[in-house]
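One letter stands for each residue in the lines below.
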Amino acid sequence: MPADQTRHQPKREPGGRSFSEENVALRIAWEMRRRGWSQERMAQELTNAGCPTHQSAISKIVNPRPDGSRRAISVDEAIALARVFGIALEELPLPLDDAQGRDLHDLSRTVTHEGRNAAEQYAHFLLAWARLRHRLAQERNRTAYEGFLAQRKVDPDTAEQAIAFWRDADSWREATAAFDVLHRILRAMGDGRDLTPPGQQSRRRHSVVADLVRLRDLFATKIPGSPVRVVPDLIYHATELLVRAGIQEAAIGVIDAYDRGTAHPTEPVVEEIDGRLRQISDRPPQDHWDQIESLAARIALSPGGHGAGQPQEDLLAELGVSIEDYQEARKIARMHRETGMR
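The model shown is predicted, which means the values in this text are computed figures rather than measured ones. (Residues numbered from 1 in each chain as written. Predicted model: local features only at pLDDT ≥ 70, side-chain atom pairs only at ≥ 80, totals over all residues. Heavy atoms only, no water.)

## What about unusual backbone geometry?
A negative phi angle is the norm for most residues apart from glycine, just as the trans form is the norm for most peptide bonds. Selection rule: The helix count covers DSSP runs of H or I at least four residues long, the strand count covers runs of E at least two residues long, and both are numbered beginning at the N terminus. Residue burial is assigned from relative accessible area. The probe radius is 1.4 Å, only protein chains are included, and a residue is buried under 20% of its type maximum, exposed over 50%, and partly exposed in between.
The phi angle at Lys153 is positive, at roughly 65°, despite the residue not being glycine. Along the chain, the position of Lys153 falls in the loop between helix H7 (139–151) and helix H8 (156–167). Overall, the relative accessible area of 75% leaves Lys153 in the exposed class.

Written as structure tokens, this is what we have:
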């Protein structure tokens, strides 16, 4: 193709950004560098994406001719390139600064995704440690463990130090505090997908009451109503919730018993959860969100829903809240039943 047909003047959108094959070529070269791909690998990726391409074609795209022109890129090639790079087609011809910005945004999503995975795995680590501490608190279990280690020629002093460490309260507190720090960091990071424009951020924060209500449903209803063999799976999927709410130690007797195939009363755990809800309900709110959380705790503790059968105006006046705050609190408390408000 003649040079005057392959070299295009950049088209511009409002704001001055250029759309050109030059940008596409720079984007291809940049994507190849960041992935560590050779021209052969790039050609193979396009071929795998349904657009048969030779290495020489990639070379002609990314390396300009002496006059500065480049090989033209077909529509099919552009579609395949966008598919291979995992981007929208309209992003392909944007200036490289846009690509670098997208790369940083994708990296921020990776950070938050890996952080959430780390929090989940760390919660399972803490729950396993809590079970071990629970079991080692009994002298007969310590003796059995020491005997097991002795049979495997483990030095008695080493065995004693290991058991002491697993039972050490300070180490346990440090480990649980580390989870709290990680959880706060992840909450501050947000979801890592699309950042909310200024002025549109949600007023909602993490709801401790919502966590407690879900756990109460688990221990008051789901666990007692499920076969013993099913309960460990229920607990497994609630592990991060248990640790985040700080209920794992109160519930560890139930968790350990079911994990060994034995049913165990759950009422003490439900009482512990209700006690936490009462504390939230009774404490003076520090801000608007605290007020909603306090109201949600009151609703959660009311068997029929707070204000059942009471006229709406009287109920809201008694509580001193708006209808919007009351509805938000009901949502947190998961009160799906009708409250009788008229």
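On we go from here.
## Looking at a negative patch on the surface
Heads up, the rule is: To count toward a patch, a residue needs a relative accessible area above 30% and no salt bridge. Like charges then connect within 9 Å, nonpolar side chains (Val, Leu, Ile, Met, Phe, Trp, Tyr) within 5 Å. All accessibility values rest on the Shrake-Rupley procedure with a 1.4 Å probe; residue burial counts only the protein chains present in the view. Criterion for a salt bridge: a side-chain nitrogen of Lys or Arg within 4 Å of a carboxyl oxygen of Asp or Glu. Positive residues here are Lys and Arg, negative ones are Asp and Glu, while His and the chain termini are left out of the count. The location of each charge is read from NZ of Lys, CZ of Arg, CG of Asp or CD of Glu.
Taken together, the side chains of Glu139, Glu146, Asp155, Asp157 and Glu160 make up a negatively charged region of the molecular surface. Only H7 and H8 provide two or more residues apiece to the negative patch. Within the secondary structure layout, Glu160 lies in helix H8.

## What to know about the packing of helix H2 (residues 21–35) against helix H6 (residues 96–136)
In a pair of packed helices, the angle between the axes and the distance between the axes together describe the arrangement. Under the convention used in this document: Between N-to-C directions, angles span 0 to 180 degrees; the directions come from axes that are lines fitted to C-alpha atoms, helices contributing only their stretch in contact. Two helices crossing with the near one rotated counterclockwise from the far one by less than a right angle form a left-handed crossing, whereas a clockwise rotation gives a right-handed crossing. Pairs of residues are marked as contacts when any of their non-hydrogen atoms sit within 4.5 Å.
Where H2 contacts H6, the axes come no closer than 9 Å and their chain directions differ by 35°. Both H2 and H6 take part in a crossing whose hand is right-handed. On H6, the residues touching Leu26, Arg27, Trp30 and Arg34 of H2 are Leu96, Ala99, Gln100 and Asp103.

## Focus on the packing of H6 against H8
For the record, the criterion: The nonpolar class holds Ala, Val, Leu, Ile, Met, Phe, Trp, Tyr, Cys and Pro. Asp, Glu, Lys and Arg form the charged class, and all remaining residues, Gly among them, are polar.
For the pair H6 and H8, the least separation of the axes is 9 Å and the interaxial angle reads 115°. Considering how the two elements wind past one another, H6 and H8 form a crossing that is left-handed. Contacts between H6 and H8 involve Trp129, Leu132, Arg133 and Leu136 from the first element and Ile163, Phe165, Trp166 and Arg167 from the second. Split by residue class, the contact of H6 with H8 holds six nonpolar, no polar and two charged.

## A few points about the nonpolar core
We count it as follows: We define a nonpolar core as any set of buried Ala, Val, Leu, Ile, Met, Phe, Trp, Tyr and Cys residues linked to one another through side-chain atoms lying within 4.5 Å.
Counting residues in hydrophobic clusters, the biggest one holds 48 residues, and the most contacted among them are Val209, Leu215, Phe219, Leu242, Ile247 and Ile273. If we ignore the near neighbours within four places in the chain, the residues touching Leu242 are Leu215, Phe219, Ile235, Ile247, Gln248, Ala251 and Ile255. If you look at the next biggest cluster of nonpolar residues, it comprises 21 residues, including Met42, Leu46, Ile58 and Ala78.

## Regarding the pattern of salt bridges
Two side chains carrying opposite charge are able to pair once their charged atoms lie near each other. This model, assessed by the stated rule, comprises 16 salt bridges. Taking the shortest distance from any N to any O, the salt bridge between Arg41 and Glu45 comes out at 2.6 Å. Taken together, the positions of Arg41 and Glu45, both in helix H3 (residues 39–48) and four residues apart, correspond to about one turn of that helix. Look at Arg41 and you get partly exposed, because its relative accessible area is 39%. Among the salt bridges present, the one from Arg133 reaches Glu249, with a minimum N-O distance of 3.7 Å. Taken together, the positions of Arg133 in helix H6 and Glu249 in helix H13 (residues 248–259) put the pair 116 residues apart, joining distant regions of the chain. Given a relative accessible area of 18%, Arg133 falls into the buried group. With a relative accessible area of 46%, Glu249 lands in the partly exposed category.

The analysis is restricted to geometry; functional conclusions fall outside its scope.
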